[in-house]
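Understanding the architecture of this molecule
Here's the letter readout for the chains.
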Amino acid sequence: MRVGRAHRTRRAHRAGTRRLALVLAGAAVAAGCAAGGSGVSGGGSGGGLGVRDRRGAPAAEAAAAVPTAHGTLLVADFGGSTVTFVDPARGPVGSVEVGTAPYGLALGADGRAWVATAEGVAVVDTATRTGLGRIAYRTGTGPVTTGEYRGGGMGIALAPDGRRLYVGVNVPGGPGVLEVVDTATRTVTATVPVGRRPFDVDVAADGREVYATGHDSYDVTAVRADSLAARRLVVAPYGERGPGSWLKPHYAVVRPSDGRLLLPFEGEKLAVLDPATGRVTVEPMTADIHQHGAALAPDGTLLVVGAPEGGDAASLTVRSPGGAERTVPLEGPHEDVAVSADGRTAYVTGGFTREGHWDGVTVVDLPSGTTHRLPAGERPLGIVVL
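Since this is a predicted model, take the numbers as computed values, not measurements.

The rules behind the values
- Residues numbered from 1 in each chain as written.
- Predicted model: local features only at pLDDT ≥ 70, side-chain atom pairs only at ≥ 80, totals over all residues.
- Heavy atoms only, no water.
- Pairing = 2+ DSSP bridges.
- Helix = DSSP H or I, 4+ residues; strand = E, 2+ residues; numbered from the N terminus.
- Axes fitted to C-alpha atoms, helices over the stretch in contact; angles between N-to-C directions.
- Phe/Tyr/Trp six-rings, centres within 6.5 Å; stacked < 30°, edge-to-face > 60°.
- Buried < 20%, exposed > 50% of the residue type's maximum accessible area, 1.4 Å probe, protein only.
- 1 Å grid on protein atoms, 1.4 Å probe; cavity = no way out; pocket = protein on both sides within 12 Å on 5 of 7 lines; lining within 4 Å.
- Points joined across faces, edges and corners; volume = space filled by probe spheres on them.
- Salt bridge = Lys/Arg side-chain N within 4 Å of Asp/Glu carboxyl O.
- Lys, Arg positive; Asp, Glu negative; His and termini not counted.
- Polar contact = N/O pair within 3.5 Å; in protein donor to acceptor, adjacent residues only side chain to side chain.
- Contact = heavy atoms within 4.5 Å.

Read across the sheet, 4 strands follow the order 21-22-23-24 without closing on themselves; strand pairing throughout is antiparallel. Taken across any chain shown, the strands that pair with only one partner, and hence form the sheet edges, are strand 21 (291-296) and strand 24 (325-329). Direction aside, neighbouring strands of the sheet carry axes that sit 20 degrees apart on average.

Structure representation (structure tokens):
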């Protein structure tokens, strides 16, 4: 007889083919921009950002010669200091230096990727695979480190119009901070206190509110985009059990149909948060596994990564808008998930915030449930589809 996890101890773009872009990329390489970046404001440092080929050797010329194809994956190499471009059929095709322990990624309509690292927010031109520099955080997070509890950026998201970027900054031992970046000037324009360890950041469809999920504080902080007024919304379907518990929020998605946030817990409960009222309703889930990354397919299907803790086998939950679920078994730990534009393929990263990670992505054919593994960077964590 299966005992519910709540009742037992836990052991826990778009790549353009525009010739102009390629000409500019070649000029940038000649000028040394790939190595140093330019135009970074707010105390940002572009030093050390550059292009590398699939073997890790400098390859700015090779990257400039081949435009990034639509549908290419971009992963954050949490175990290193790069983002890696991954052909979904062949594997890695290049990488760009961004800074220590990159975590989350946000992709703009202009093809720029914004990367939350331990050192600042890096900017990458995905069409030409060049680093454009790094924006320093206004918040002090202590020495630059790596690993699960490192300080610096975690969740990250763009406003719908692309004019503002929001990054959740982890401050070890204290509350987190939401930093607001003007994407035109690449400067931090404001900071807002939020919950502890802001694993995820999401933005309402109309851009009027930003939501920072506080992993260690059992909450979502809703921040108004205009006034930056903040409200703490508790999301604790098992109760607030302290930072040592497993039963905490991790990642969220905003449901387009009604603007509610969906936060999966343990493959047992889906917390549905109404940000207008703070009311949380709970719907049953069936995977019975510790859950991390989440994403929505174009048709509203919810994808949730089940992470193997306490002897569980990893899985991907596929939940229809009506609540029907099926699970796809996965081999080994995984952390985050992205879905193709046609909604037929999911890409699940093997980086994992805890130990047991591996250097690749599991590709899941959603209609059939078949899977295969693909090499992809160094402990890949965050992921977007270009």
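Another point: the packing of aromatic side chains. Counting across every chain of the model gives 4 aromatic pairs. Centre to centre, the rings of Phe78 and Tyr103 are 6.0 Å apart; their planes meet at 80 degrees, and the pair counts as edge-to-face. With Phe78 in the loop between strand 2 (73-77) and strand 3 (82-87) and Tyr103 in the loop between strand 4 (91-97) and strand 5 (105-107), the pair connects residues that are 25 residues apart, well separated along the chain. The class for Phe78 is buried, based on a relative accessible area of 3%.

On any regular strand, side chains alternate: one points to one face of the sheet, the next to the other face. Two elements, strand 23 (residues 315-319) and strand 24, share 5 bridges in a ladder whose sense is antiparallel. Looking at strand 24, one finds that Arg319 is bridged to Glu325. Remark: 5 residues form the turn of the hairpin made by strand 23 and strand 24, two consecutive strands paired antiparallel; Gly323 in that turn has positive phi of roughly 105 degrees.

This part takes up empty space enclosed by the protein. Taken as a whole, the largest cavity encloses approximately 40 Å³ of empty space. Lining of the largest cavity is provided by Phe78, Tyr103, Gly147, Glu148, Arg150, Met154, Arg197 and Thr353.

The next thing to look at is the sheet that holds strand 5. The strand order 5-6-7-8 describes an open sheet built from 4 strands, whose pairing is antiparallel. Taken across any chain shown, the strands that pair with only one partner, and hence form the sheet edges, are strand 5 and strand 8 (130-135). Strand after strand, the sheet turns through a mean of 20 degrees between neighbouring axes, direction not considered. In terms of strand pairing, strand 7 (residues 121-125) meets strand 8 through 4 bridges, oriented antiparallel. Within strand 8, the position partnered with Val124 by the bridge is Gly131.

Before going further, it helps to examine the pattern of salt bridges. Where side chains of opposite charge bring their charged atoms close, a pairing between them can arise. A complete count under the given rule lists 16 salt bridges for this structure. Measuring nitrogen to oxygen at the nearest pair gives 2.9 Å for the salt bridge that ties Asp216 to Lys248. Placement of Asp216 in the loop between strand 14 (209-214) and strand 15 (219-224) and of Lys248 in the loop between strand 16 (230-234) and strand 17 (253-254) is noted, with a sequence separation of 32 residues between them. By the burial criterion, Asp216 is buried, and Lys248 matches it. In this structure, Arg260 and Asp258 form a salt bridge, with 3.5 Å as the shortest nitrogen-oxygen distance. The class for Arg260 is partly exposed, based on a relative accessible area of 29%. On the basis of relative accessible area, Asp258 is assigned to the partly exposed category, the value being 34%. Through salt bridges with shared partners, a single network forms among Arg255, Asp258, Arg260 and Asp274.

Locating Arg379 in the fold gives a position in the loop between strand 28 (371-375) and strand 29 (380-385). One buried charged residue, Arg379, remains without a salt bridge, the closest side chain of opposite sign being Glu355 at 4.6 Å. Polar side-chain contacts of Arg379 include one of 3.1 Å to the backbone oxygen of Phe352. With near-sequence residues (within four places) excluded, Arg379 lies in contact with Ala76, Asp77, Phe78, Gly79, Gly351, Phe352, Thr353, Arg354, His357, Trp358 and Asp359.

Quick look at unusual backbone geometry now. One non-glycine residue with positive phi stands out, namely Arg186, at about 55 degrees. Inspection of the secondary structure puts Arg186 in the loop between strand 11 (177-182) and strand 12 (187-193). A residue is classified by how much of its surface remains accessible, and Arg186, at 12% relative accessible area, is buried. We note that Asp288 has phi near 55 degrees; this positive angle belongs to a residue other than glycine. With respect to the secondary-structure elements, Asp288 resides in the loop between strand 20 (280-284) and strand 21.

Bringing the side chain of Ser315 into the picture now. Checked against the element boundaries, Ser315 lands in strand 23. On the accessibility criterion, Ser315 (8% relative accessible area) is buried. With residues up to four places along the chain from it excluded, the contact list for Ser315 reads Ala287, Ile289, Val304, Val305, Gly306, Thr327, Val328, Pro329 and Leu330.

Moving on, we get to the pairing of strand 20. Note that strand 19 (residues 269-273) and strand 20 share 5 bridges and pair antiparallel. Directly across from Val272, in strand 20, lies its bridge partner Thr281. A loop of 6 residues connects strand 19 with strand 20, the two strands running antiparallel in sequence, and Gly278 in this loop sits at a positive phi of about 80 degrees.

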